[in-house]
Amino acid sequence: MGFALLTSLVIASADVMLGPGVHLAGLLIAGPLIASARSVAARTAMAGILALGLATITGVLEQTLVTADHLVNTVTVMAGGVFATVAAHVRGRREGELSQLADLSKVAEVAQRALLRPIPARVGGLAFAHRYRSAARGALIGGDLFDVAFTPFGVRLIIGDVKGKGLQAVSQAADVLRSFREAVFHAQDLVDLAKAMDRRLGGDLGEEDFVTVLLAEFAPGLVRLVNCGHHPPVRIGHRLDVLCAPDPAPPLGLDPEPTMITAIVGGNQRLLFYTDGLVEARDPGGEMFALDERVRACLTRPQLEDALQGVHDMVLEHSRGDFDDDLALVLCQPEHDHSGAAQAWPRSPVTEPAR
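This write-up is about the structure you can find in this document.

Calculation rules
- In this numbering scheme, every chain counts its residues from 1 along its sequence in written order.
- In keeping with the model being predicted, local features are shown solely for residues with a pLDDT of at least 70 and side-chain atom pairs are shown and tallied solely at 80 or more, while totals for entire chains, interfaces and linings include all residues.
- Excluding hydrogens and water, the side-chain values take into account all heavy atoms of the structure.
- When the centres of two rings from Phe, Tyr and Trp lie within 6.5 Å, Trp using its six-membered ring, the rings pair. Their planes under 30 degrees apart give stacked, over 60 give edge-to-face, and anything left gives tilted.
- Per the convention used, a helix needs a DSSP run of H or I reaching at least four residues, while a strand needs a run of E reaching at least two, with both numbered from the N terminus.
- Three labels apply to residues, based on accessible area from a 1.4 Å probe with only protein chains included: buried if under 20% of the type maximum, exposed if over 50%, partly exposed otherwise in between.
- In what follows, salt bridge is the name for a side-chain nitrogen of Lys or Arg lying within 4 Å of a carboxyl oxygen of Asp or Glu.
- By the convention used here, strands pair only if DSSP detects at least 2 bridges between them.
- To define a nonpolar core, start from buried Ala, Val, Leu, Ile, Met, Phe, Trp, Tyr and Cys residues and group those joined through side-chain atoms within 4.5 Å.
- The contact criterion used is simple: two residues touch if any of their non-hydrogen atoms lie within 4.5 Å.
- Think of the arc as the fan of directions from the helix axis to the C-beta atoms.

Glancing now at the packing of aromatic side chains. Here the structure, examined in full by the defined rule, presents 3 aromatic pairs. Judged by centre distance (6.3 Å) and plane angle (80 degrees), the ring pair of Phe128 and Phe218 falls under edge-to-face. Taken together, the residues span a long stretch of sequence, with Phe128 in strand 2 (residues 126-133) and Phe218 in strand 5 (residues 211-219) at a distance of 90 residues. The exposure classification of Phe128 matches that of Phe218, with both residues buried. Feature note: the residues Phe128, Phe218 and Phe273 constitute an aromatic cluster, connected by ring pairs.

Have a look at this one:
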């Protein structure tokens with residue numbers, strides 16, 4: 001505002017000093033235009049009134065008040081002041097809307113982080129690292145989900161993928177996490193947990209909706225798994241072992257009858273849990289991302305965070321930035337080996353289904 005007033009005063013002074021032969025009054029429009037760029041509408045209007053007053057004063061001092069040139073300049077200054085005031089009002093309103101949007105974005109970010117809570121680096125004798133990438137630009141979460149709970153039965157983990165995308169998928173992911181958090185501390189085993197979640201979600205899912213879910217429960221030297229239509233986890237050591245269930249159940253929402261399997265996990269081994277954004281990522285030629293030796297080498301880096309970030313970067317490089325699906329990754333490792341037998345590789349990646 002101060003610079004706008006100073007500009008008007010300088011122009012008016014120059015007009016008077018140069019005499020009636022030079023007409024600079026029309027340039028007084030610069031004052032309110034400058035004010036409109038930074039000041040509110042009321043102050044811009046004040047700058048316009050001042051410019052109009054100075055135009056009148058210069059006309060009186062130069063005795064050109066009633067000449068055609070001065071009248072044109074006066075009308076120009078008046079119209080410019082009105083235009084500048086309207087422009088300042090529009091700019092102020094837009095800035096207010098942008099400020100509200102920024103506040104809403106912060107609220108949305110807090111809400112999303114509360115929904116998909118970060119996994120602590122250490123829980124119940126297990127070290128964790130996780131990554132999440134939403135397919136929706138500007139969103140922190142999508143239809144993929146994960147969570148970890150330290151329960152009386154041990155550390156339990158969920159990773160899942162809701163059918164579809166967008167706000168509906170986010171809403172359904174919230175329902176899945178809520179059902180998990182309500183039942184995880186009470187269900188006697190993972191089969192009971194899966195059934196409890198399926199009952200809880202029955203009223204929230206549509207006829208064609210479903211959720212793929214993998215549940216895990218950790219015990220010294222082993223992991224118990226219940227798979228409801230989800231991609232099986234991978235055990236990483238000297239090789240990659242896919243921990244497939246002999247008879248995987250359908251996703252939640254489709255009346256699954258899950259069974260539980262048990263796999264050995266040594267202290268020198270890691271488990272990778274993931275959603276289909278990993279193995280269904282395609283390169284420009286249509287080839288899907290493979291869990292090969294390069295991935296195994298990356299996942300055996302000394303630090304879990306570095307290992308998982310490396311796989312995340314490999315997926316993005318494979319897809320050349322054309323990433324149209326959510327991606328959730330969780331990597332975990334026992335911090336201490338509780339059993340000498342856990343160091344040995346079993347003949348089969350899984351044992352018989354628990355009875």
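Now that the structure has been shown, we can carry on.
What follows concerns the pattern of salt bridges. Oppositely charged side chains can pair when the atoms bearing their charge come close. Counted according to the given criterion, the structure contains 14 salt bridges. Between Asp147 and Arg117 there is a salt bridge, with the nearest N and O atoms lying 3.0 Å from each other. Of this pair, Asp147 sits in strand 3 (residues 144-151) while Arg117 sits in the loop between helix 4 (68-115) and strand 1 (122-123), and the two are 30 residues apart along the sequence. For Asp147, a relative accessible area of 3% corresponds to the buried category. Overall, the relative accessible area of 38% leaves Arg117 in the partly exposed class. A salt bridge links Asp241 to Arg235; the nearest nitrogen and oxygen atoms lie 3.2 Å apart. When sorted by exposure, Asp241 lands in the same class as Arg235, which is buried. Taken together, the shared-partner salt bridges connect Arg117, Asp147 and Arg181 into one network.

Every other side chain in a regular strand lies on the same face of the sheet, so the side chains alternate between the two faces. Across the 9 residues that make up strand 5, a large majority, 8, are buried. Note: strand 5 against strand 6 (residues 222-228), 6 bridges, orientation antiparallel. For Phe218, the partnering residue across the bridge sits in strand 6 and is Val223. What sits between strand 5 and strand 6 in their antiparallel hairpin is a turn of 2 residues, with Gly221 showing a positive phi close to 80 degrees.

Our next topic: the nonpolar core. Counting 52 residues, the largest nonpolar core has Phe128, Leu157, Val176, Leu193, Leu215, Phe218 and Phe273 as the members making the most contacts within it. With near-sequence residues (within four places) excluded, Phe218 lies in contact with Leu126, Phe128, Gly154, Val155, Leu157, Val223, Leu271, Phe273 and Cys332.

Our next topic: helix 2 (residues 30-38). Buried residues of helix 2: Gly31, Pro32, Ala35 and Ser36, and no others. Axial view of helix 2: buried residues confined to an arc of 130 degrees, hence all on one face. For helix 2, the exposed residues lying more than 90 degrees away from the buried face are Ala37 and Arg38.

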